[in-house]
Amino acid sequence: MAKRQNPAEAETPAVETPEETAARLKQGKGAPTPSRREQEAARKRPLVPTDRKEAARQARAKQAEARERARVGMAAGDDRYLTARDRGPQRRYVRDYVDARFSIGEFLIPVMLIVIVLTFLPSPVLQVYGLFALWGFFLIAVIDCFVLGFLIQRRVGDKFGKTKVERGLRWYGAMRALQLRIMRLPKPQVKRGQYPS
């Protein structure tokens, strides 16, 4: 025969507020350990916040803070915030090698801007010379990128082992060499002439 429960015993225990739970837990030993039901009740939060505007403002602030942390981390070259394209010791080595080197391709964008300005001048001779100079400079930059790719392949092979060289390092180094130094991301971590060992 099943034992009947007293109605007074069947009542659920009173749930204390989170503040009461925190105060009780601060007392230390001597207080009973809260039951699972009490702990779960203390942790409960409403699914929909009461003040939606405030909740949205806080969420935006957290996202902005996370984005800023990621931006600073990426600029500093922190592996946790780098994209898959920039991650790894070989990529870091290539970045440091390119940043330590003086590359002709860095000045391709300024030369292009100068040629664009020359095209607005009324002198057709200056325009033609400007275009020839741009194409000549572009050809020299491409040759410099090929030399850089060869040097990168050899240096990375010597450091990490010729069989363990990642694919695409030459292209990665060439694309970085064609950017202005101040526009590179991650930011350069070495000075000019400070080649990685």
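Residues numbered from 1 in each chain as written. Predicted model: local features only at pLDDT ≥ 70, side-chain atom pairs only at ≥ 80, totals over all residues. Heavy atoms only, no water.

Caption draft 1: View of the overall build of the protein. Per the secondary structure count, the protein includes eight helices and zero strands. Listing every helix and strand of the protein by position from the N terminus yields α-α-α-α-α-α-α-α. For the protein, the proportion of its 197 residues judged to be buried stands at 26%. When contacts within the protein are restricted to residue pairs at least 6 apart in sequence, those whose partners lie at least 24 apart make up 68%. Taken as a whole, the protein presents about 14,800 Å² of accessible surface, with 62% of it coming from carbon and sulfur. (Helix = DSSP H or I, 4+ residues; strand = E, 2+ residues; numbered from the N terminus. Buried < 20%, exposed > 50% of the residue type's maximum accessible area, 1.4 Å probe, protein only. Contact = heavy atoms within 4.5 Å. Areas by Shrake-Rupley, 256 points an atom, 1.4 Å probe, with all protein chains shown as cover.)

Caption draft 2: Representation of the environment of Asp79. For Asp79, the position within the fold is in the loop between α4 (52–76) and α5 (89–100). Taking the relative accessible area as the measure of exposure, Asp79 reaches 35% and is therefore partly exposed. Along the primary structure Asp79 and Arg92 are separated by 13 residues, whereas in three dimensions their C-alpha atoms are 9.5 Å apart. Not counting residues up to four positions away in its chain, the partners in contact with Asp79 are Arg87, Gly88 and Arg92.

Caption draft 3: Inspection of the pattern of salt bridges at higher detail. Tallied over the full model, the rule gives 14 salt bridges. With a closest N to O distance of 3.5 Å, Arg85 and Asp86 form a salt bridge. (Salt bridge = Lys/Arg side-chain N within 4 Å of Asp/Glu carboxyl O.)

Caption draft 4: Structural view of α4. Counted at 1.5 Å a residue, the expected span for α4 with its 25 residues is 36 Å, and the 36 Å between its end C-alpha atoms agrees. With its phi angle positive at about 85°, Gly77 sits one or two positions after the end of α4. (Expected span 1.5 Å × (residues − 1).)

Caption draft 5: Structural detail: the side chain of Asp99. As for its placement among the helices and strands, Asp99 is situated in helix α5. Among the polar contacts made by the side chain of Asp99, one reaches the side chain of Arg176 at a distance of 2.9 Å. Beyond its immediate sequence surroundings of up to four residues, Asp99 is in contact with Arg176, Arg181, Arg184, Pro188, Gln189, Val190, Lys191 and Arg192. (Polar contact = N/O pair within 3.5 Å; in protein donor to acceptor, adjacent residues only side chain to side chain.)

Caption draft 6: Structural view of the packing of aromatic side chains. Throughout the structure, instances matching the rule amount to four aromatic pairs. Aromatic pair Tyr97 and Tyr195: ring centres 5.3 Å apart, planes at 50°, arrangement tilted. Placement of the pair is Tyr97 in helix α5 and Tyr195 in the segment after α8 (169–177), with a sequence separation of 98 residues. Exposure remark for Tyr97: the relative accessible area of 6% places this residue in the buried category. (Phe/Tyr/Trp six-rings, centres within 6.5 Å; stacked < 30°, edge-to-face > 60°.)

Caption draft 7: Geometry of the packing of helix α6 (residues 108–119) against helix α7 (residues 124–160). At a closest axis distance of 9 Å, the pairing of α6 and α7 adopts a crossing angle of 165°. Between α6 and α7, the angle falls in the class roughly antiparallel. Both α6 and α7 take part in a crossing whose hand is left-handed. Of the residues in α7, those touching α6 at Leu108, Val111, Met112, Val115, Leu118 and Thr119 are Leu126, Gln127, Gly130, Leu131, Leu134, Phe137 and Phe138. Of the residues contributing to the contact of α6 with α7, the split by class is ten nonpolar, three polar and no charged. (Axes fitted to C-alpha atoms, helices over the stretch in contact; angles between N-to-C directions. Parallel < 35°, antiparallel > 145°, perpendicular 65-115°, else oblique. Left-handed = near helix turned anticlockwise from the far one by under 90°. Nonpolar A, V, L, I, M, F, W, Y, C, P; charged D, E, K, R; others polar.)

Caption draft 8: Representation of a nonpolar patch on the surface in the model. Together, Leu131, Trp135, Phe138, Val142 and Phe146 make up a nonpolar patch on the protein surface, roughly 530 Å² of accessible area in all. You can see Trp135 is positioned in helix α7. Residue Trp135 is classed as exposed on the basis of its relative accessible area of 58%. (Patch = residues over 30% accessible without salt bridge, like charges linked within 9 Å, V, L, I, M, F, W, Y side chains within 5 Å.)

Caption draft 9: Seen up close, the packing of α7 against α8. Here α7 crosses α8 at 130°, and the two axes come no closer than 9 Å. Looking at the two axes, α7 sits oblique to α8. When the axes of α7 and α8 are compared, the crossing they make is right-handed. Where α7 approaches α8, its residues Cys145, Leu148, Gly149, Phe150, Ile152, Gln153 and Val156 are matched on the opposing element by Leu169, Arg170, Gly173, Ala174 and Ala177. Residues belonging to the contact of α7 with α8 are distributed by class as follows: eight nonpolar, three polar and one charged.

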